[in-house]
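Residue-level listing of the chains:
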Amino acid sequence: NGKHALLLVDGMRMGSATNGNVSWSRIPVAQIERIEIIRGPASAMYGSDAIGGVVQIFTRRSEETFHFSAEAGAGNYGTQNGSVSMSGKQNGWNYGATVSHESTKGFNSRPWTTTANPDKDGFHNLAASARLGYTFAPGHEVLLSALHADGMSRYDGSGATNDWVSKTRNGNGSLVLKNKINPNWNSTLTFGRSNDYSDNLRNGLFDSRFNTDQNLYSWQHDLNTRWGNLLVGLESTRQSITTSDNYAEKTRQNDSVQLGWNRGFGQHRLQGSIRHDDDSLFGDKTTGSLAYGYRLTPNWRASASIGTAFKAPTFNDLYYPLKNGNIGNPDVRPESAVNREITIHHEAGNHALSLTWYLNHIKDMISWTQVGAVTTPTNIDTARIEGATLNWQGRLRGFDLAFNYDWLDAKDQKNSRQLPRRARHSANASAGQEIGPWNWRTEFQFTGKRHEYPSTGPKVDMGSYTLVNLYAAYRFAPAWSVFARVNNLFDRDYILVNTYATPGRNAFIGIRYSPK
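Every value quoted in this text rests on a predicted model; they were computed, and no experiment measured them.

Asks: Describe the overall build of the protein chain, with residues and values.
Replies: Of regular secondary structure, the protein chain possesses two helices and 29 strands. Radius of gyration (C-alpha) of the protein chain: 24 Å, near the 24 Å computed for a compact globule of 516 residues. Viewed in the frame of its principal axes, the protein chain has a C-alpha envelope of about 65 × 55 × 45 Å. Counting every position in the protein chain, which comprises 516 residues, the buried fraction comes to 42%. Of the contacts made within the protein chain by residues no fewer than 6 positions apart, 55% connect residues no fewer than 24 positions apart. For the protein chain, the accessible surface area stands at approximately 26,600 Å², while carbon and sulfur atoms represent 57% of it.

This is the structure we're talking about:
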């Protein structure tokens, strides 16, 4: 589920320590340079939460002497976006700064229920990021970076008719010192802090507050030896919460040590890692991974891996105070997982093809269940998640093409039923082309049948759907372009969560200034 993916922004953990979720909508797209994804368990490198994978976002930096860009646009639902960015690199210095704003009046998020407020549920987010680095000698660099987002979203929850507003502040800041000790030894020292703040209002009145602060201290060493490449890391993380409710514990400390190794032998490559975490709230946890790769031919390679991972219980899981029939459980244990994976990959010219099979067993899954007169978290569930992913991308007759297909069998082994909101079949495809000043792309997204198990009432089936999106851009001057996007072209009705609506057909147009 969403709590099984770890989000890092410029190396810093992001998310709430109380409910364990990440405010993905608060990450400003205009300030992203690139996104790197590790699929599968990665606790042996990153610790808790990395059961399903790791998403790492890097904010913008420049390799040019100076670069300035800006864009603005508007669309359906009263949507407006705008951003301004500048970056540069000169005389050992590198810098970058971006300010962005996005807002929408939204739509009624729960039109099919009489217990929800029939108003529009809007959203806005104002964000800024900055970074400043200086290379004071070859191989020696100091880097400061910061990100802050301030936003508001309206929503309709379950229960009686209420107008809910969530005001959030999210961000991070870090100081990184990189030193090349010698040609075979690189050191990276990091000091950082991230936060996730939220105030929730019901019908205009304050209802609750959940604030998370995280401090990070890490020291990583990358060594190139005759026995292979080694990674040695020390990390200490401290989480603290401030809430409107009284929690029995409000701080936790996690200290870890990790060791990674990889080496190639002709057509063979081995990789292994191990990490030990010592958490002040639940104790010790050791995770590891081992992978083997073999290049069959210059175009074909295969690999196999096995790895373990864990997810620490949240402050809510452990210490949520008795409220509205819910209460935490200080005896709940961390979730743990074992994943096996086999991949075959082919590359030739402009084409890349891969097929991956995986099997992930997650035990001691934390589930809030009814125990007597209260609902409390217990370790009762075990999940078996098996799947396969086929991915292809290439260039054919001047067209850029991509396709992927996922088969997923995700079961709760306690009662042998499919996990909710997971489609057994899903696929994506895109086709695009760049012709002179024109750039266009068509996207297709298919999601198969899914279902939910409401706390009351029978199982709810959610039908399959296919979405088609269009994008086009035209560069009418060396630094200027206009662009347009149409989402859900055929106005398909579909749901991701029972009783909650999704956008119908909508369009967005804008103008961009970005010198090449």
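Having seen it, we continue.
Asks: Go over the packing of aromatic side chains, please, and point to the residues and values.
Replies: Here a ring pair, both rings aromatic, is described through the centre-centre distance and the interplanar angle of the planes. Per the counting criterion, the structure on display carries 13 aromatic pairs. Seen in terms of ring centroids, tryptophan 438 and tyrosine 474 are 4.6 Å apart; in terms of plane orientation they differ by 40°. Their pairing is tilted. Here tryptophan 438 is found in strand S24 (residues 438-447), whereas its partner tyrosine 474 is found in strand S27 (residues 465-477), with 36 residues between them in sequence. Judged by its relative accessible area of 47%, tryptophan 438 is partly exposed. Take tyrosine 474: its relative accessible area is 30%, and that puts it in the partly exposed class. Taken together through their ring pairs, the aromatic side chains of Phe68, Trp480 and Tyr513 make up a single cluster. Sitting above the plane of the phenylalanine 58 ring, arginine 34 keeps its charged end 3.9 Å from the centroid. Stacked on the ring of tyrosine 453, the Lys or Arg arginine 417 has its end atom at 3.7 Å from the ring centre.

Asks: Run through a nonpolar patch on the surface, naming residues and quoting values.
Replies: A contiguous nonpolar surface patch, about 550 Å² in accessible area, is contributed by Leu296, Trp300, Ile344, Leu353, Leu355, Leu390 and Phe403. Within the fold, tryptophan 300 resides in strand S17 (residues 300-311).

Asks: Which residues make up the sheet that holds strand S1 (residues 5-9), and what values do they have?
Replies: Strand order in the open sheet formed by four strands is S2-S1-S4-S3, and the pairing between neighbours is mixed. Sheet topology places strand S2 (12-13) and strand S3 (32-39) at the edges, where each strand pairs with a single neighbour. Across two bridges, the pairing between S1 and S2 is antiparallel. Across the sheet, the residue bridging to valine 9 is methionine 12, located in S2.

Asks: Which residues make up the pattern of salt bridges, and what values go with them?
Replies: Scanning the entire structure with this criterion turns up 23 salt bridges. Taking the shortest distance from any N to any O, the salt bridge between arginine 13 and aspartate 49 comes out at 3.3 Å. In this pair, arginine 13 sits in strand S2 while aspartate 49 sits in the loop between helix H1 (43-46) and strand S4 (53-59), placing the two residues 36 residues apart along the sequence. The two residues arginine 13 and aspartate 49 agree in class, both being buried. Between arginine 202 and aspartate 207 there is a salt bridge, with the nearest N and O atoms lying 3.6 Å from each other. Taken together, the shared-partner salt bridges in this structure form one network comprising Arg13, Asp49 and Lys311.

Asks: Lay out the pairing of strand S5 (residues 66-75) in plain terms, naming residues and giving numbers.
Replies: Pairing analysis gives 10 bridges linking S5 to strand S6 (residues 79-90), with the strands arranged antiparallel. When the bridges of S6 are listed, alanine 72 appears paired with glycine 82. Linking S5 back to S6 in an antiparallel pair, the connection comprises three residues, with tyrosine 77 at a positive phi of about 60°. Where S5 meets strand S29 (residues 506-513), six bridges bridge the pair, whose relative direction is antiparallel. Note that in S29 the partner of alanine 74 across the bridge is isoleucine 509.

Asks: Hey, could you go over the environment of arginine 269 for me, with residue numbers and the actual values?
Replies: Among the structural elements, arginine 269 can be located in strand S15 (residues 268-279). C-alpha of arginine 269 to C-alpha of alanine 291: the two residues are 22 residues apart in sequence and 8.3 Å apart in space. Contacts of arginine 269, omitting those with residues within four sequence positions, involve Asn262, Arg263, Gly264, Ala291, Tyr292 and Gly293. Within polar-contact distance, the side chain of arginine 269 engages the side chain of asparagine 262 at 2.9 Å.

Rules used throughout
- Residues numbered from 1 in each chain as written.
- Predicted model: local features only at pLDDT ≥ 70, side-chain atom pairs only at ≥ 80, totals over all residues.
- Heavy atoms only, no water.
- Helix = DSSP H or I, 4+ residues; strand = E, 2+ residues; numbered from the N terminus.
- Rg over C-alpha atoms; globule rule 2.2 N^0.38 Å.
- Buried < 20%, exposed > 50% of the residue type's maximum accessible area, 1.4 Å probe, protein only.
- Contact = heavy atoms within 4.5 Å.
- Areas by Shrake-Rupley, 256 points an atom, 1.4 Å probe, with all protein chains shown as cover.
- Phe/Tyr/Trp six-rings, centres within 6.5 Å; stacked < 30°, edge-to-face > 60°.
- Lys NZ or Arg CZ within 6 Å of the ring centre and 35° of its normal.
- Patch = residues over 30% accessible without salt bridge, like charges linked within 9 Å, V, L, I, M, F, W, Y side chains within 5 Å.
- Salt bridge = Lys/Arg side-chain N within 4 Å of Asp/Glu carboxyl O.
- Pairing = 2+ DSSP bridges.
- Polar contact = N/O pair within 3.5 Å; in protein donor to acceptor, adjacent residues only side chain to side chain.

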